[in-house]
Amino acid sequence: MIANNIYSNQESLWAHGAATVATWTANRAIYIPFHAEVAHTIKRIAFYTGTTITGNIDVGLYDMDGTRRVSSGSTALVGTSQGQVIDITDESLSAGRYYMAMALSAADSMRVLVIGNSAPLAGMLGVKYENSAFPLPATATFADPGSTDTVVPQMALLIDA
Amino acid sequence: MSIRWKQVTAVGTPATAMPLQNDGIGLSPGLWTNGNPLVVHPFDNVYLGQNAHATPQSWSAANRAVYIPVTLQRRMIIDRIGFAAASSANDIDLGILDESGELLVSTGQFTPSSSVRPYDITRTPLEAGRYWIAVSCDGTSLTYYVNKGPIASLMLGLKYESNACPLPSQASFSDPAGTDINGFPVAFLMAEES
């Protein structure tokens with residue numbers, strides 16, 4: 001096995017490229033679990049903005065216990081409806097489970113995958129939320145998705161500089 | 001173990017081109033829509049963007065090379081590179097780069113057929129690891145099939161290079177613009193044996 005880029009939601013990238021754009025809850029962090037089958041060194045994190053941007057973004061990686069491994073820090077969003085990539089301090093991950101995280105400072109919109117129409121589906125994937133979590137905290141306090149929380153942002157963990 | 005895939009002839013669009021048949025050992029190089037399209041599984045040829053394709057698009061900039069990252073999970077000997085052209089125009093150059101961007105093999109410049117088909121290259125053994133499939137074109141008249149999108153090219157880890165047709169011996173990678181959502185060219189590597 002050889003390391004490759006990691007994506008938050010394969011299905012929305014490949015089967016539904018024109019994924020839904022959803023409005024973020026200001027200062028909310030969303031944690032998306034993923035499994036690294038082999039060791040990776042993550043160098044950049046990419047995402048896709050929606051139609052409204054006014055605030056900043058913070059992206060990062062967490063251990064399963066909620067300990068932040070790395071984050072970009074508050075970073076300006078560069079434009080609407082486009083991909084953006086942020087360099088992070090190179091982070092070496094052993095094979096295992098982690099969270100990729102995204103937080104926004106304002107009620108901006110991002111390209112997302114809508115997971116069904118009810119919260120349990122997002123919860124079943126292990127997605128976690130945290131309010132008042134911008135910038136990303138050193139230790140996450142995970143909460144299960146609420147009754148209207150059904151989205152997962154499109155993110156890519158890139159191993160190429 | 002030896003694997004030999006049946007020669008692919010020119011066929012219509014990517015959708016009708018797949019799945020291919022094989023006359024060797026291993027799995028049919030069929031469709032895999034939910035796996036990571038940039039990871040090559042054992043016994044498969046390397047197909048990118050085969051699950052769906054968008055309306056043909058014109059090459060985005062004359063002499064631009066597009067580099068597509070791909071991970072081989074096992075050793076393969078590549079003897080053909082495929083490309084899905086929707087028109088016969090301009091010259092293209094198809095190649096394989098190692099992870100550092102060094103050109104390992106290329107077709108050299110030629111005018112592609114208006115079809116989905118492979119083109120011969122020098123037999124090239126590739127060990128398991130990361131590589132780049134390279135496609136460059138010297139004009140913008142060529143139309144070609146792209147992976148279903150829109151997908152931000154930089155989210156896929158694609159790289160671009162200007163003034164890169166024919167393909168240079170050493171790539172100089174640059175990121176696509178954030179607004180580039182054309183996906184990536186439908187291109188594929190064909191394993192003679194492994």
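The rules behind the values
Residues numbered from 1 in each chain as written. Chains lettered and ligands numbered in written order. Predicted model: local features only at pLDDT ≥ 70, side-chain atom pairs only at ≥ 80, totals over all residues. Heavy atoms only, no water. Salt bridge = Lys/Arg side-chain N within 4 Å of Asp/Glu carboxyl O. Helix = DSSP H or I, 4+ residues; strand = E, 2+ residues; numbered from the N terminus. pLDDT = per-residue confidence, 0-100. Contact = heavy atoms within 4.5 Å. Pairing = 2+ DSSP bridges.

**Quick word on the pattern of salt bridges**
Applying the stated criterion to the full structure yields nine salt bridges over all chains. Linking A:Asp144 and A:Lys128 is a salt bridge whose minimum nitrogen-to-oxygen distance equals 2.6 Å. Highlighted residues: A:Asp144 in the loop between strand 11 (128-130) and strand 12 (151-153) and A:Lys128 in strand 11, separated in sequence by 16 residues. A salt bridge links B:Arg75 to B:Glu127, with the nearest nitrogen and oxygen atoms 2.9 Å apart. One end of the pair, B:Arg75, is in the loop between strand 4 (64-72) and strand 5 (76-84); the other, B:Glu127, is in the loop between strand 8 (116-126) and strand 9 (129-137), with 52 residues separating them in the sequence. Counted as one network, the salt bridges with shared partners bring together A:Arg44, B:Lys159 and B:Asp175.

**Digging into the confidence of the model for chain B**
Residue and element names in this part refer to chain B. Mean pLDDT over chain B works out to 72, with 64% of the residues at or above the 70 mark. The weakest mean pLDDT in chain B belongs to helix 1 (residues 14-17) at 37; the strongest belongs to strand 7 (residues 103-106) at 97. Overall, residues 1-52 carries pLDDT values under 50, and its contacts beyond four positions in sequence, including any with other chains, amount to 140 contacts. Quick note on the complex model: pTM equals 0.80, ipTM equals 0.80.

**Topic: the sheet that holds strand 8 (residues 83-93) of chain A**
Residues and elements named next belong to chain A. Strands sit in the order 1-13-4-8 across an open sheet of four strands; the sheet is antiparallel. The open sheet has two edge strands, strand 1 (6-7) and strand 8, and neither has a second partner. The pairing of strand 4 (residues 40-48) with strand 13 (residues 155-158) spans four bridges and is classified as antiparallel. Residue pairing in the sheet places Ala-46 in a bridge with Ala-156 of strand 13.

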